[in-house]
Amino acid sequence: MVTGDLNAALVEWVVQYRISDPAKFLFDVREPRLILRDVSESVMREVVGDRTVDEVITIADRNRIGSADQDAGARNQIRIGTSIDQVQLKNINPPEPVQASFNEVNQAQQEKEKLINEARAITTR
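Cut-offs applied
Residues numbered from 1 in each chain as written. Predicted model: local features only at pLDDT ≥ 70, side-chain atom pairs only at ≥ 80, totals over all residues. Heavy atoms only, no water. Helix = DSSP H or I, 4+ residues; strand = E, 2+ residues; numbered from the N terminus. Contact = heavy atoms within 4.5 Å. Areas by Shrake-Rupley, 256 points an atom, 1.4 Å probe, with all protein chains shown as cover. Salt bridge = Lys/Arg side-chain N within 4 Å of Asp/Glu carboxyl O. Buried < 20%, exposed > 50% of the residue type's maximum accessible area, 1.4 Å probe, protein only. pLDDT = per-residue confidence, 0-100.

For the rest of this paragraph, the subject is the overall build of the protein. Secondary structure assignment for the protein yields five helices and two strands. Secondary structure elements of the protein occur, N-terminal to C-terminal, as β-α-α-α-α-β-α. In the protein, 75% of the contacts between residues at least 6 apart in sequence involve partners at least 24 apart. With an accessible surface of roughly 8700 Å², the protein has 49% of that area assigned to carbon and sulfur atoms.

Structure, rendered in structure tokens:
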């Protein structure tokens, strides 16, 4: 998926749903699971596309993205006899060709924080 800052991210998620109206689920729509998957993907692309790659990859924002996806799915209210219980993000990674670069950036940020903390510890002595 393309994020809001035009980076790419591999996003995997799980949608937990409940069949709320079995008659609609079985008889009103030809492929309800396929429709649910397609709608979920569309909403997830919208939610991920509104955020930067850092927001998408960090663990702190995963819950917010999952709940935003669930809320957007509820707003769209596809009438296939299901209700969405939970959207849970599983794996979010940068694409394979740029993963090494992302790891280097993360290491550099951690090193920066470490050096800042060491400098503060020296100045407070």
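Structurally, V11 can be placed in strand β1 (residues 10-19). Taking the C-alpha atoms as reference points, V11 and P94, separated by 83 residues in sequence, lie 8.7 Å from one another. Setting aside residues up to four positions removed in sequence, V11 forms contacts with M1, M44, V48, V56, L89, N91 and I92.

Next up on the list: the side chain of T82. Checked against the element boundaries, T82 lands in strand β2 (residues 82-93). With sequence-adjacent residues up to four places away left out, T82 is seen in contact with Y17, R18, I19, S20, F25 and L36.

Glancing now at the environment of E31. Within the element layout of this structure, E31 appears in the loop between α1 (22-28) and α2 (32-49). For E31 and I80, which are 49 residues apart along the polypeptide, the C-alpha to C-alpha distance reads 9.3 Å.

Attention shifts here to the pattern of salt bridges. It is possible for side chains bearing opposite charge to pair when their charged atoms get close. Under the counting rule described, the total for this entry stands at three salt bridges. The partner of D85 in a salt bridge is R18, with the nearest N and O atoms 2.8 Å apart. Of this pair, D85 sits in strand β2 while R18 is found in strand β1, placing the two residues 67 residues apart along the sequence. By relative accessible area, which is 32% here, D85 ends up partly exposed. The salt bridge involving E41 is made with R45; its shortest N-O contact spans 3.0 Å. Pair noted here: E41 and R45 are both in helix α2, with a separation of four residues, about one helical turn.

Residues at a pLDDT of 70 or more form 86% of the protein, whose mean pLDDT is 83. By mean pLDDT, the top-scoring element of the protein is α1 (90), and the lowest-scoring one is helix α4 (residues 59-76) (62).

Even without glycine at this site, L6 takes up a positive phi of about 65 degrees. With respect to the element layout, L6 can be found in the segment before β1. The exposure class assigned to L6 is exposed, which follows from its relative accessible area of 73%.

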